[in-house]
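Each chain, written out:
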Amino acid sequence: MDQIATVCTYCGCGCGLLMEVQDGSVVGVAPRREHPISRGKLCLRGWNAHEIAISPERMRTPLVRKGEHLRPAAWEEAVDEAARRLREVRDRFGGQALGVIGSARFTNEEDYLLTKLARAGLGTNNVDHGAHFSSSASLKALQKALGWGAMTNSFSEIEEAEVILVAGSDTAEQHPNVAGRIMAAARNGATLIVIDPRRHQLARAAHQFLQPFPGTDLAWILGLANVIMSEGLLDLAFAVSNCENSEAFAEKANGFPPERVEELTGIPADALCSAARTYARAHKAMIFYSTGLTQHATATSNILGLANLALITGHIGRPGCGVNPLAEHNNSQGACDMGLLPDMLTGYQPVADRDVRARFEKAWGVKLPVAEGLGMFDIMSAIDAGRVKGLVVVGNPFLSNPDAHHLKEALDKLEVLVTLDMFGSEATEKADVVLPGVPFAMKDGTFTNAERRVQRVRKCVEPAQGERPDWQTLCRLLEGLGVRADYGSPAQVMTEIASLTPIYGGVSYERLESDGGLQWPCPDPSHPGTPYLYSDGFADRRACLSAIDYIASGETPDPDFPFLMSIGRSQFYWNTSPMTRYVSTLRREYSAVFLDYPKGFAEINQDDAKALGVRDGAVVKLVSRRGELELNAMVSPDVRPGAVFVPFFLREQAGFLTAPGFDPEAKMPTFRLCAVRIERA
Ligand code: SF4
């Protein structure tokens, strides 16, 4: 049996795996012992990653709409029809009437071609990607505070840290391999602080566990800064020489003494002080966070607050330190790096910069649009308002959109909808042209994991007859829109990316052949890559301490809706389960573990369950101001009284429950928290 080295297609850890191939078919997966991240370990999802390649539910035939119905078409016919329909809208209404929503599951090369498709092919900067709802706040906040919107440090440095602070991340479910490293570090002497409304697996392993009321994160973040300042635990020399805006920052933090934070969050004042002292006094301390902090109306402020903590203590610019967002998807970072953003070209080069545009115009041979485009959130509103009339969608936007009802109605208003995805969805049902995608095992390319590591993804088996790899579909679409795209391979696409993107300047397939890949910035072919950022300070600027106002996130409970429902993750169903739902082994394992909760579960505090007369496993109805959802009750001591937890793989249903309101800077909806009542069903 052949074993082909590639990278897992699920979360942002970027574990290396060996795809086992026999007689031209993928038959299994084995771990890569020498891989720098996974080091011979894979989680349940990784061990079954081959199943996505052989899923019988995958779409294989392109479809073209004729009246009410979609009919099968040859690949060439379907792509040409998509180009023709998009051209029509572009020529009639201009590029601003079109949009592209790319994917954080695609390779860098495919995402680059999508950026090119939007800007050069359609003449629009209305471009974003499906992971917007998990990554946009980190991107905005870390760029503003530090410079780069990415993890500052590397997973391998977890072993060096004296203190590891994890907030808003159910790491064992979301990023199991990183959780394994953190637990090992905690066993070997590091102090683990976990701050989360729910006592999850990592929280149970923590030395200090702080359990705030849901939606009060900004208060404990400001409270930690308050204790660090009032007790003189700052690294004053570092802060003075590297940071600006310190007075405004200090004024806000001064208003959050531990006693006030206790009132707001329920975290005992002495526990908050203890965590602040532990974090600040450490020589090396890392912060990790994920969607528990970023999918809120206060998302940007939450992350700015964490950056403040690292800056005032000097826990940045050194190994074993930093502020580290755990990216959700295999290529969340890469999708941003490749310019699937309305205001940036590849490598975070501003669209508004004339010199940047001139270099891309020369390479692509077309004039590029100047005006900043619309992101995911605004594209949907513009479709609803009739301003955007044509859309190219990769993946299923229904799974991650906070308002699935509204989105469904909006898509009906489009003049042309082109989808590219492996599986059928509500979007493909409404599409005019459906282009089937292929799984990662049939692709050559690269993914960039959460720690900025660019790694090779290798084709393990050929696409079946009639199928094409996605990069070829995008090239033909580009040619159909009048843009040259005669690349011979994804390697040639990467050569072009490197030539136009300074942080990828030294990345090439030759260099990526060896295990481990390269971490950007990697500006030239002799550069070894950058495991941690800001070792030389903050380039030509100073870091920015942020003055943050406290607001609570989420809906306020009232007598009709007295509980706060939050959503989270399940290791069996990665993310909104766009792929794992098609993996029969994961479905089977979930059923085996959660025998008592066949409908999925709502975790309810044991005292609340007693008061409501709800037994473990009983069917309950969660009713919000917008809809209702039936689940099995999981009675547990791990959520606070007044809180309810629902895992995220039931996203389609939970979407009808999620509260309105959003973070104005990151355009991040209030995914996490809505007020509900619990009824016995
Ligand atoms: Fe794949 Fe993430 Fe599991 Fe690693 S931890 S095997 S990248 S799903």
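Residues numbered from 1 in each chain as written. Predicted model: local features only at pLDDT ≥ 70, side-chain atom pairs only at ≥ 80, totals over all residues. Heavy atoms only, no water.

Caption draft 1: Inspection of the sheet that holds strand β7 (residues 127–129) at higher detail. With mixed pairing, the 7 strands of this open sheet are ordered in space as β5-β4-β18-β17-β16-β6-β7. In this open sheet, the two edge strands, each paired with only one partner strand, are β5 (69–72) and β7. Neighbouring strand axes in the sheet, compared pairwise and without regard to direction, differ in orientation by 15 degrees on average. (Pairing = 2+ DSSP bridges. Helix = DSSP H or I, 4+ residues; strand = E, 2+ residues; numbered from the N terminus. Axes fitted to C-alpha atoms, helices over the stretch in contact; angles between N-to-C directions.)

Caption draft 2: Spatial organisation of the site of the ligand. What surrounds the ligand is the set C8, Y10, C11, C13, G14, C15, L42, C43, R45, G46, P176 and N177. Of all the elements in the fold, those that place two or more residues in the shell around the ligand are α1 (44–47) and α6 (176–187). Classifying every residue of the shell around the ligand gives 8 nonpolar, 3 polar and 1 charged. (Near = heavy atom within 4 Å. Nonpolar A, V, L, I, M, F, W, Y, C, P; charged D, E, K, R; others polar.)

Caption draft 3: Just the packing of aromatic side chains, in detail. Scanning the entire structure with this criterion turns up 7 aromatic pairs. Between W148 and Y348 the ring centres are 6.3 Å apart and the planes differ by 70 degrees, which places this aromatic pair in the edge-to-face class. One end of the pair, W148, is in the loop between α4 (132–145) and β8 (163–167); the other, Y348, is in the loop between β14 (344–345) and β15 (349–350), and 200 residues separate them in sequence. Residue W148 is classed as partly exposed on the basis of its relative accessible area of 24%. Three or more aromatic residues joined by ring pairs make a cluster, and in this case those are Y112, F360 and W364. The cationic tip of R198 hangs over the ring face of F645; the distance from NZ or CZ to the ring centre is 3.8 Å. Sitting over the ring of F93, K389 keeps its end group 4.9 Å from the ring centre. (Phe/Tyr/Trp six-rings, centres within 6.5 Å; stacked < 30°, edge-to-face > 60°. Buried < 20%, exposed > 50% of the residue type's maximum accessible area, 1.4 Å probe, protein only. Lys NZ or Arg CZ within 6 Å of the ring centre and 35° of its normal.)

Caption draft 4: Molecular detail of the pattern of salt bridges. Taken as a whole and judged by the stated rule, the model has 35 salt bridges. Two residues, R84 and E88, come together in a salt bridge whose shortest N-O distance is 2.7 Å. One end of the pair is R84 and the other is E88, both in helix α2 (residues 75–93) and 4 residues apart, which spans about a single turn. R84 sits in the partly exposed class, given a relative accessible area of 34%. By relative accessible area, which is 37% here, E88 ends up partly exposed. A salt bridge links E679 to R677; its shortest N-O distance comes to 2.8 Å. On the accessibility criterion, E679 (26% relative accessible area) is partly exposed. Taking the relative accessible area as the measure of exposure, R677 reaches 28% and is therefore partly exposed. (Salt bridge = Lys/Arg side-chain N within 4 Å of Asp/Glu carboxyl O.)

Caption draft 5: Local environment of the pairing of strand β24 (residues 601–605). Most of β24 is tucked away, with 5 of its 5 residues classed as buried. The alternating pattern of β24 places F601, E603 and N605 on one face and A602 and I604 on the opposite face, and all of these are buried. Relative to strand β26 (residues 628–636), β24 is paired through 5 bridges, and the arrangement is parallel. Counterpart to N605 in the pairing with β26 is S636. When β24 meets strand β27 (residues 643–647), the two strands line up antiparallel, connected through 2 bridges. In the sheet register, I604 faces β27, and the bridge partner there is V644.

Caption draft 6: The arrangement of the environment of V366 in detail. Mapped onto the fold, V366 is located in the loop between α16 (354–364) and α17 (376–384). On the basis of relative accessible area, V366 is assigned to the partly exposed category, the value being 21%. Taking the C-alpha atoms as reference, V366 lies 9.4 Å from G482; in sequence the two are 116 residues apart. For V366, the contacting residues outside a window of four places in its chain are A120 and E361. (Contact = heavy atoms within 4.5 Å.)

Caption draft 7: Here's a closer look at the sheet that holds strand β1 (residues 2–7). Strand order in the open sheet made by the 3 strands is β1-β2-β3, with antiparallel pairing throughout. With one partner strand each, in any of the chains shown, β1 and β3 (25–31) form the two edges of the open sheet. The sheet shows a mean angle of 35 degrees between the axes of neighbouring strands, direction not considered. Pairing geometry for β1 and strand β2 (residues 16–22), over 6 bridges, is antiparallel. If you follow Q3 over to β2, its bridge partner there is E20.

Caption draft 8: Up close: the domain arrangement of the chain. Annotation of the chain at the domain level lists domain 1 (2–52), domain 2 (63–130 + 338–439 + 461–482), domain 3 (134–325) and domain 4 (563–680). Taking the mean C-alpha position of each, domain 1 and domain 2 sit 30 Å from one another. Counting residues at the interface gives 5 residues for domain 1, matched by 4 residues for domain 2. Where domain 1 abuts domain 2, roughly 330 Å² becomes buried across the two surfaces, and 75% of that area is made up of carbon and sulfur atoms. At the junction of domain 1 with domain 2, the criterion picks out 0 salt bridges. (Domains from an automatic or database assignment. Buried area = accessible area lost by both parts, 1.4 Å probe.)

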